[in-house]
Amino acid sequence: MKSSTRTASLVTGAVVVLLAPVAALKAWSEPADPRISVGAPAPATLLPGDVRDTPGRMIANAVWTGLVSYDPKTGAPANAAAESITSPDRRVWTVRLRPGATFQDGTPVTSRSFTAAWTAVLREGWAGSSLLTDAAQIKGAEKGEDGVPGLKVKDDRTFEVTLDRPLSGFPALLGDPAFFPMPESVLRSRDWTSYGRTPVGNGPFRVKSRSAHEIVLRRRSGGGRTVVVKAMPDAKAQYAAAGAGDLDVATLVPANRHESMEADFGGRHLAVPGRDVTYLAFPGWEDRLASPTVRSALSMAVDRSAVTEGALGHQYSPADALVAPGILPGHREGQCRLCVHDSKAAVAALADAGGLKGPLNLWYEANRGDDAWVKDVAGQIHKELGLDVRPHPVAGLREAVDDRKVDGPFAVHTTAAYPAPVAALTPLLDAGTGFDDAYTTDLVAEAEHAATPDEGVIQARLAESAMLRDMPAMPLWSAHDHLVWSERVRGVTAGAFTGLRLDRLAIED
């Protein structure tokens, strides 16, 4: 062998020897799976207009970009797919889309992408249809109908929405998956089954693959990490995997680990306040429950913390207001002083009201999962006030309320449609209690009709204060989500109206 050849071989061999431990170290230090992994129960559906659970909402907000998005810190809506959303009277709204937007299949996002998608939500009777009929009250919007008089396409980038009444919060509604667009191909074919398996959206992620075990989301830009949402319905398994570094983000925390999250994860945990509230409402036609003093006594007799930490497994927060804590714009803490457990005050208030005779039925929907907490609340009121309190499950609670068959407090579950205090109050006025105080209802109407949602906050606060005095419904608790995550992930951000923001996740450098 020539000297030069032998020297080159020796140098090459030396380089290989030197690089081998470096390569080995790199392979050892990098995770086996470079993707960002998130644990969650499998979503019921990925059809945007039919999303009905937290995992579905989380994925939908990654695959689609709505007309507006929500700031996770302030909860305020901001234009996203929309260039502008304007109205001269808050009843007729003109939506102008940003130019050049496309779906992940390359087809354009047009006005019809939205109007025809909303029409499909109504025609098919999907879960989001109530937002169009009840919350937005779009003119002529009815479930099962294949046409909406209140929707008019002006051109490819402009459409008009007419409501039945003025609503300043209408733009804030439009970040919900019920209002997301769909491409022309599925709007024409109506093959919702295939589309629901691997939907095509206009957002930052596209669905690369889907199986019973995981949904893989690849960033549309080609940069950044792929996110895999693993089907993990068990909270204990998620928590353990995140603690071991085998899962980047756990979206469920078992009840027995809430007190140890700080010890287990340090600062790598987050409680996400929710947008729903559970109440016990009072039938206005039941004379013995008509006194606000009686209602106040029942409210103060309930130890909300004991129930949320016991029967509800740390998945709920005790209510201190009528408005859910996840409604950040205009929310006030500590508004419900009568929600604080106070045995002596409860006994005194009931005595001042002349007592309460006969059995007290607590009505609730059967087979909804409310049995444990209703039993606990009944036991607390019996213990504190000496009343004969009886859990009373029924099938078709709303029908019983509407028919005025209900003779005692009844369970009400509400979810705010958009981030504004008035959005939490309007469902209470529709709960069937018979509460129709003109002062309060006028304030709610003023809040809805205000020039902007911010300008309606004062009226909503006054309405909340009035409702807490009369207490047609006593707030009990609000659901919240918990997140814990591994040491390598950063950018964990979540909100009540979006869930975990998958587009914000990144790997620690």
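Just so it is clear, the model here is predicted, and its values are computed rather than measured.

Quick look at the overall build of the chain
What the chain contains, in helices and strands, is 17 helices and 22 strands. Along the first, second and third principal axes, the C-alpha atoms of the chain reach 115 × 55 × 40 Å. Counting over 509 residues, the chain shows a buried share of 50%. Within the chain, contacts between residues at least 6 apart in sequence are counted, and of these 70% link residues at least 24 apart. Summed over all atoms, the accessible surface of the chain reaches about 22500 Å², with 51% contributed by carbon and sulfur. On the chain, the mean spot of the 54 positive side-chain charges and the mean spot of the 61 negative ones are 8 Å from each other.

Looking at the pairing of strand 7 (residues 158–162)
For strand 7, the tally of buried residues reaches 5 of 5 residues, placing the bulk of the element in the interior. Residues T158, E160 and T162 point to one face of strand 7 and F159 and V161 to the other, with burial holding for every one of them. Here strand 5 (residues 92–97) pairs with strand 7 via 5 bridges, running antiparallel. Among the inter-strand pairings, W93 is bridged to a residue of strand 7, identified as V161. In terms of strand pairing, strand 6 (residues 151–155) meets strand 7 through 4 bridges, oriented antiparallel. Bridged to K152 within strand 7 is E160. Linking strand 6 to strand 7, which pair antiparallel, is a turn of 2 residues.

Here we look at the confidence of the model for the chain
Looking at the chain as a whole, the pLDDT averages 92, with 94% of positions reaching at least 70. With pLDDT under 50 throughout, residues 1–31 is counted as low confidence; its partners more than four residues away or in other chains account for 2 contacts.

What about the side chain of R295?
Within the fold, R295 resides in helix 10 (residues 292–300). Buried and unpaired, R295 has D470 as its nearest opposite-charge partner, separated by 6.6 Å. For R295, the contacting residues outside a window of four places in its chain are F282, L289, A290, D470, M471, P472 and M474.

Some words on the side chain of S296
In this fold, S296 is placed in helix 10. When sequence neighbours within four positions are dropped, the list of residues in contact with S296 reads L338 and M471.

Quick look at the state of the cysteines
This model, assessed by the stated rule, comprises 1 disulfide. Linked covalently through their sulfurs, C336 and C339 form a disulfide whose S-S length is 2.1 Å. When the S-S torsion is 80°, as for the bridge of C336 with C339, the disulfide is right-handed. For the residue pair C336 and C339, the accessibility class agrees, reading buried in each case.

Observations concerning the pattern of salt bridges
A full pass over the atoms with the stated rule returns 21 salt bridges. For R288, the salt bridge goes to E286, with nearest N and O atoms at 3.5 Å. Among the residues examined, E286 registers a relative accessible area of 18% and is labelled buried. Here the salt bridges do not stand alone but share partners, grouping R123, E124, D146 and R190 into one network.

Comments concerning the sheet that holds strand 6
Across the sheet, 4 strands lie side by side as 4-5-7-6; this open sheet has antiparallel pairing. For this open sheet the edge positions go to strand 4 (82–86) and strand 6, each flanked by a neighbour on one side alone. Taking the axes of each pair of neighbouring strands and ignoring which way they run, one obtains an average angle of 20° across the sheet. Here helix 3 (residues 111–124) sits on the sheet in contact with strand 5, strand 6 and strand 7, set at roughly 165° to strand 6.

Brief notes about the packing of aromatic side chains
For the coordinates displayed, the defined rule picks out 10 aromatic pairs. Between the aromatic rings of Y70 and F497, the centroid separation amounts to 5.6 Å while the plane-to-plane angle is 45°, which identifies the pairing as tilted. Of this pair, Y70 sits in strand 2 (residues 68–70) while F497 sits in the loop between strand 20 (494–495) and strand 21 (499–500); the two residues are 427 residues apart in sequence, bridging distant segments of the chain. As far as burial versus exposure is concerned, Y70 and F497 are alike and both buried.

Some details on helix 8 (residues 235–244)
Among all positions in helix 8, only A235, Q238, Y239, A241 and A242 are buried. Looking down the long axis of helix 8, one finds its buried residues gathered within 165° of arc, a one-sided arrangement. The exposed set on the far side of helix 8, more than 90 degrees from its buried face, consists of K236, G243 and A244. Contacts from the buried residues of helix 8 go to strand 1 (36–40), strand 11 (249–250), helix 9 (261–265) and strand 18 (473–485). At the N-terminal boundary of helix 8, the capping side chain belongs to D234, with an oxygen 3.3 Å from the backbone nitrogen of K236. Positioned one or two residues after helix 8, G245 has a phi angle of 85°, which is positive.

Criteria and thresholds
Residues numbered from 1 in each chain as written. Predicted model: local features only at pLDDT ≥ 70, side-chain atom pairs only at ≥ 80, totals over all residues. Heavy atoms only, no water. Helix = DSSP H or I, 4+ residues; strand = E, 2+ residues; numbered from the N terminus. Buried < 20%, exposed > 50% of the residue type's maximum accessible area, 1.4 Å probe, protein only. Contact = heavy atoms within 4.5 Å. Areas by Shrake-Rupley, 256 points an atom, 1.4 Å probe, with all protein chains shown as cover. Lys, Arg positive; Asp, Glu negative; His and termini not counted. Charge placed at Lys NZ, Arg CZ, Asp CG, Glu CD. Pairing = 2+ DSSP bridges. pLDDT = per-residue confidence, 0-100. Salt bridge = Lys/Arg side-chain N within 4 Å of Asp/Glu carboxyl O. Disulfide = S-S within 2.5 Å. Axes fitted to C-alpha atoms, helices over the stretch in contact; angles between N-to-C directions. Phe/Tyr/Trp six-rings, centres within 6.5 Å; stacked < 30°, edge-to-face > 60°. Arc of directions from axis to C-beta. Polar contact = N/O pair within 3.5 Å; in protein donor to acceptor, adjacent residues only side chain to side chain.

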